[in-house]
Amino acid sequence: MATTYSNTKIETFNTCQQKYKFQYIEKVSVEKPVGVETFLGNAVHKALEKLYTFKMNGRIQPQEEVLDSYRKYWEGADRDKIKVTRDSLGIDDYIKVGVDALTKYYQLYTPFNDGISLALEKSIDFPLREDNRFRIKAKIDRINRRDDGTIEIIDYKTNAVLPTQQLIDDN
């Protein structure tokens, strides 16, 4: 049986080997609340996935529809189970962060003619060795083909701070 790795598994191991052991080897079941930053990222990803699904079908989704879709994602959430770690911020503050980010994104990239989206939220899985003992799993947010034929892999980020080039290279 192949051992499969993902960015999440590797980051968990690098952050806390004991957590990795409990989560992926012993598979200890623990109910854990969803962190608000993770929820924010998922909500933005869902809104962008819908935006580019419309684009792939020949329609540019109006900005207000994108924002409504984003807000509805939060409405479906059980707000009591979303974990907010900063005392100075509430869930509504995080919702606003996403609205602001999506608004800037929409204004920057409209009419979204940077190429043709080939796939959205594409799962990939490939072996690291010929014997298939170790595998890598990942999800690509968007695969795009530019007009010059260049293929781009696009990974949306909702972090408050941009990563350094060194961190990107190391990752």
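So, here is what we can say about the structure in this document. (Residues numbered from 1 in each chain as written. Predicted model: local features only at pLDDT ≥ 70, side-chain atom pairs only at ≥ 80, totals over all residues. Heavy atoms only, no water.)

**Here's the deal with the overall build of the protein chain**
In plain terms, the rule: Note on conventions: DSSP H or I runs of at least 4 residues are helices, E runs of at least 2 residues are strands, and numbering of each starts at the N terminus. Note on classification: 1.4 Å probe, protein chains only; a residue is buried when its accessible area is under 20% of the maximum for its type, exposed when over 50%, partly exposed between these limits. Contacts are residue-level and defined by heavy atoms, with any inter-residue pair within 4.5 Å sufficient. Note on areas: these come from Shrake-Rupley sampling with a 1.4 Å probe, and a residue is covered only by the protein chains present in the view.
A tally of helices and strands in the protein chain yields 6 helices and 6 strands. Taking the principal axes of the C-alpha coordinates as reference, the protein chain spans close to 45 × 45 × 30 Å. A buried classification covers 28% of the 171 residues belonging to the protein chain. In the protein chain, once contacts between residues fewer than 6 apart in sequence are set aside, the share between residues at least 24 apart is 58%. Total accessible area on the protein chain stands at roughly 12100 Å², and carbon and sulfur atoms take up 52% of it.

**Describing the environment of Gln-165**
What counts, and what does not: Nitrogen and oxygen atoms within 3.5 Å of one another constitute a polar contact, given that in protein one can donate a hydrogen and the other can accept it, and given that sequence-neighbouring residues count only through two side-chain atoms.
Looking at the element boundaries, Gln-165 is found in helix H6 (residues 165-170). Here the alpha-carbon distance between Gln-165 and Val-84, two residues 81 residues apart in the chain, equals 29 Å. Of note is the side chain of Gln-165, whose polar atom sits 2.8 Å from the side chain of Asp-169.

**Things to note about the nonpolar core**
We count it as follows: Nonpolar cores were defined as sets of buried Ala, Val, Leu, Ile, Met, Phe, Trp, Tyr and Cys residues, with membership established by side-chain atoms within 4.5 Å.
Of all hydrophobic cores here, the largest spans 25 residues; its most connected members are Leu-48, Leu-51, Tyr-52, Tyr-70, Trp-74, Leu-102 and Tyr-105. Broken down by secondary-structure element, the contributors of at least two residues to this core are helix H3 (36-56), helix H4 (63-75) and helix H5 (91-109). The element that contributes the greatest number of residues to this core is H3, accounting for 9 residues.

**Brief notes about a nonpolar patch on the surface**
Keep this limit in mind: Patches were defined on residues exceeding 30% relative accessible area and lacking a salt bridge, with like-charge contacts within 9 Å and nonpolar side-chain contacts (Val, Leu, Ile, Met, Phe, Trp, Tyr) within 5 Å. A pairing counts as a salt bridge when a side-chain nitrogen of Lys or Arg comes within 4 Å of a carboxyl oxygen of Asp or Glu.
Together, Phe-22, Val-28 and Val-30 make up a nonpolar patch on the protein surface, roughly 260 Å² of accessible area in all. Along the polypeptide, Val-28 turns up in the loop between helix H2 (17-25) and strand E2 (34-35).

**As for the pairing of strand E5 (residues 134-145)**
Using the following cut-off: Between any two strands, pairing holds if DSSP finds at least two bridges.
With 4 bridges joining them, strand E1 (residues 3-6) and E5 adopt parallel strand pairing. Within E5, the residue paired with Thr-3 across the bridge is Phe-134. Summarising the sheet, strand E4 (residues 116-127) and E5 pair through 10 bridges and their orientation is antiparallel. Looking at the pairing, Ala-119 lines up with Ile-143 of E5. Taking the residues that link successive antiparallel strands as the turn, the E4-E5 hairpin has 6 residues, and the phi of Asn-132 there is positive, at about 65°. Hairpin remark: E5 followed by strand E6 (residues 151-154), antiparallel, with 5 residues in the connecting loop; positive phi at Gly-149, about 95°.

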